[in-house]
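Residue-level structural notes
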Amino acid sequence: MNVRGAVIHPNYDPGTLRFDYALLKLDSPVLYTPIEVATPFLSELYTAGTPAKVLGWGFMDPKLPILPDDLREASVPVVSSQSCGEANGRFLDPATMVCAGELSSSSSSDLRPDACFGDSGGPLFVSVDGRPVQIGIVSWGFECASSKTYGVYSHVAAGNEFISSRPVIAPRVPSFFEQTVLSGDLRVGGYAEVSAVPWRGDPLTSVAYEWYDDVGNLLASTTTNRIELSDQFGGKFLTAVTYASNEGGTAQVGSESVLVPGAEPTPQPTPQPTPQPTSTVTPTLLDQTAPAVTRAGERYRPYRATVFVEVADGGPVSSGIAAVTAELKIQFPPNTRTGSKSSKGRVQRKRISAISAGSSLYRFDIDRVKGARYRLLISATDGVGYPSNVIGVDLRRQR
């Protein structure tokens, strides 16, 4: 079954494992009759000594990390909160937890029937008039099959209100999806469009867009993925943030940054020379053609990369190339933490200049950090200030 999304109990405490409940919402109904779930009115199911069973695909021996191919079950009687508290200590919360299992009556170290690693989330159930009723969810224990402590389960009847709820799944994007892309007529007087996002979760109630420059200033807010580029966008790197909302919450995805060139300078009229009686003066021709940048290739060395571009100032008259620059975006790898990763990692932006590599060829030399992502947005200007097109280059990651 495909899972549409997950919802964790709002009071879940990862330190104490209180309210250790989560719901998985499926994309379509199951074809089975679901197991009955205990309610607060069935408190007698939690009476100490009541026979119960736990199911799972977890370890069959705590010292052998091998998962079975078949679903396993173990018989474990329900234990009173008092007995469990005496054995398991202050970490037990009788309001949200129930215990099951057996202790050794001797000094024997033989293993007891119990749940183990890999069984978390599995059901603990009892039989009522021949039908199974779930009373617990595998949660935690000090060690598997211990002869000194009990297995601890989330108390299903105590969490019944949350378990029987139908929460809305907030929007989210697939784990492989990183950012949106800007396209369109990216110049003053043109327009920009941000690509669609493959949102997952329950249906959206609204989608909104915010448009920022490269230093984080909000330029505009829209309800569509398209914006007209007025003068205020000229000469700035544009980024779009897409927001999606429903009753479950709001999620956002940022876009790449693209340069919106400023308005092209208006050519000045050619001054007319004063006629001379004895000579003829030829008017001076002006460069009226913007330069063009094309990708010429990359070269990779350990911790260093070189990007080559070719810059041409076409037309009958050229004023020469004044500058070839790039906005360099560096997305550093996230810091590795205990068992998980932090967010995507910080992003750094800076402007760098190219070095002439002879004739119309220019190069950028970039020192790289292992695991970081590098993207260049390259453009040029000629001697009279005409801006070129902008090309994007993504560097191969240093592993």
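This text follows the structure it describes.
So, here is what we can say about the structure in this document. In this text, all values refer to a predicted model and were calculated from it rather than measured experimentally.

**Quick look at the packing of aromatic side chains**
Under the defined criterion, the tally for this structure stands at three aromatic pairs. Here a set of aromatic residues connected by ring pairs shows up, and it is made of F91, W140 and F142. Over the ring of F91 we find R90; its NZ or CZ atom is 4.6 Å from the centre of that ring. If you follow R396 out to its NZ or CZ, it ends over the ring of Y300, 3.9 Å from the centre.

**A short note on the state of the cysteines**
According to the stated counting rule, one finds two disulfides in the structure shown. With a sulfur-sulfur separation of 1.9 Å, C84 is cross-linked through a disulfide to C99. Its S-S torsion of approximately -70 degrees makes the covalent link between C84 and C99 left-handed. In this pair, C84 sits in helix α1 (residues 81-88) while C99 sits in strand β7 (residues 97-100), placing the two residues 15 residues apart along the sequence. For the residue pair C84 and C99, the accessibility class agrees, reading buried in each case. Two residues share a disulfide in this structure: C116 and C144, whose sulfurs sit 2.1 Å from each other.

**Some thoughts on the sheet that holds strand β11 (residues 182-183)**
Taken in spatial order, the three strands of this open sheet run β11-β12-β15, and their pairing is antiparallel. Each having just a single partner strand, β11 and β15 (226-228) make up the two edges of the open sheet.

**Observations regarding the pattern of salt bridges**
Under the defined criterion, the tally for this structure stands at 18 salt bridges. A salt bridge links D129 to R131; the nearest nitrogen and oxygen atoms lie 3.9 Å apart. Residue D129 is classed as exposed on the basis of its relative accessible area of 77%. The class of R131 is partly exposed, set by a relative accessible area of 35%. Residue D367 pairs with R304 through a salt bridge whose shortest N-O separation is 2.5 Å. Residue D367 is found in strand β26 (residues 361-367), and its partner R304 is found in strand β20 (residues 304-312); the two are separated by 63 residues along the sequence. In this structure D367 comes out as exposed when scored by relative accessible area, which is 55%. Owing to a relative accessible area of 28%, R304 belongs among the partly exposed residues under this scheme. Several salt bridges converge on common partners, so that one network encompasses R4, K25, D27 and D202.

Reading the values: the criteria
Residues numbered from 1 in each chain as written. Predicted model: local features only at pLDDT ≥ 70, side-chain atom pairs only at ≥ 80, totals over all residues. Heavy atoms only, no water. Phe/Tyr/Trp six-rings, centres within 6.5 Å; stacked < 30°, edge-to-face > 60°. Lys NZ or Arg CZ within 6 Å of the ring centre and 35° of its normal. Disulfide = S-S within 2.5 Å. Helix = DSSP H or I, 4+ residues; strand = E, 2+ residues; numbered from the N terminus. Buried < 20%, exposed > 50% of the residue type's maximum accessible area, 1.4 Å probe, protein only. Pairing = 2+ DSSP bridges. Salt bridge = Lys/Arg side-chain N within 4 Å of Asp/Glu carboxyl O.

By themselves, these are just geometric observations and shouldn't be taken as functional.
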